[in-house]
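In case you want the letters, here they are:
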Amino acid sequence: MSTFRSSNVGSPSSRDYVPSIVFADMDGTFLTTSKDVLPQSYEALDLLAVRHVPFVPCTGRPVSAVPSAVLRHPATTYVVGSNGSVVYDMTQHQNVLVVGMDKERILALYERVRGLRATFDVFADGEVYAERARYEAMGSYGIDAPSLEVLRRVRKPVDLTVPQLVQRARAVEKITCFWCNESDRHAIQKAIEEVGGFYSAHGHPKNFELQRQGTNKGSALMWLCEHLGLRASDAVAFGDELNDVPMLEAAGDGVAMGNAVPEVLAAANHVAPTNDEAGVARYLMSLSW
């Protein structure tokens, strides 16, 4: 694995060709720890737009929760949401791919974990729903303040049960379980294994993110590249957490952030500076444009 650090921007370790498409995780990768977009990152988007290289936010968030300035930028033509369960076309303003989960498996899992101190957030039809009591309890789970603010803003607390939400949904794209303590985590992990049929990873140290088995950011990258007539080997992808590993492995150039977890660092071809150092932008600006 080659190493690219902020101290050697423009060095011979930089890539000697330009990617045809760029995929980037949001939280912990393109966004700072405080969930902001740095000026250098906007400059990199400007460069991609001029070069007609698509920029694809590839996130565990629903599409609507990607920062609006990123969504509106001319470089952003597609968005991968819900960890790969959704691909949204920004020019047509519609989903071009939705991979729904098996509702019976979701309900079987819910029955096993409903008594735990954990959320059971339902990503369905472009929204994120949470039982009101679980939504109100999130603040006591030890979730960091910037993440908690986003979670509360994105989720809609409702006076419906998870079974009611699931049955009403056209398609359930993803389930997240933010847990309170280690005993809850172990119980959720056991339930996931008992029910089976899920792709399970996490984009935050205190959650489980579940999609249909075989669906992840890597599968979405492969699908979109094929949809656009591009080669995945000509894509560059950036990430920092476990749910980014399939994306980095699918891309021709998988780039871990300097703040990435060990599993992401092990899967990467290169390492960029951290998210708080505008690592995505600095890596992209170092290429041979």
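The structure displayed is predicted, hence computed values, not measured ones.

A. Examining the sheet that holds strand β4 (residues 86-89) more closely. The three strands lie next to each other as β3-β4-β5, forming an open sheet whose pairing is antiparallel. With partners counted over all chains shown, the strands left at the sheet margins are β3 (78-81) and β5 (94-98), one partner each. Pairwise comparison of adjacent strand axes, ignoring direction, gives a mean angle of 25° for this sheet. Where β3 meets β4, four bridges bridge the pair, whose relative direction is antiparallel. Looking across to β4, one finds that Gly81 is bridged to Val86. Contacting β3, β4 and β5, helix α9 (residues 217-228) runs over the sheet at an angle of about 155° to β3.

B. Highlighting the packing of helix α4 (residues 103-113) against helix α8 (residues 182-195). Interaxial distance between α4 and α8 falls to 9 Å at its minimum, and their mutual angle equals 145°. The element α4 and its partner α8 pack so that their crossing is right-handed. Where α4 approaches α8, its residues Arg105, Ala108, Leu109, Arg112 and Val113 are matched on the opposing element by Ile188, Ala191, Ile192, Glu194 and Val195. Residues of the contact of α4 with α8, tallied by class, amount to seven nonpolar, no polar and three charged.

C. Spotlight on the pairing of β4. Neither face of β4 is left uncovered, since the one carrying Val86 and Tyr88 and the one carrying Val87 and Asp89 both have all their residues buried. What sits between the antiparallel neighbours β3 and β4 is a turn of four residues, in which Ser82 has the positive phi angle 50°. Turn length for the β4-β5 hairpin, with the two strands adjacent in sequence and antiparallel, is four residues, and the turn residue His93 shows positive phi of about 55°.

What counts and what doesn't
- Residues numbered from 1 in each chain as written.
- Predicted model: local features only at pLDDT ≥ 70, side-chain atom pairs only at ≥ 80, totals over all residues.
- Heavy atoms only, no water.
- Pairing = 2+ DSSP bridges.
- Helix = DSSP H or I, 4+ residues; strand = E, 2+ residues; numbered from the N terminus.
- Axes fitted to C-alpha atoms, helices over the stretch in contact; angles between N-to-C directions.
- Contact = heavy atoms within 4.5 Å.
- Left-handed = near helix turned anticlockwise from the far one by under 90°.
- Nonpolar A, V, L, I, M, F, W, Y, C, P; charged D, E, K, R; others polar.
- Buried < 20%, exposed > 50% of the residue type's maximum accessible area, 1.4 Å probe, protein only.

Keep in mind these numbers describe shape, not what the thing actually does.
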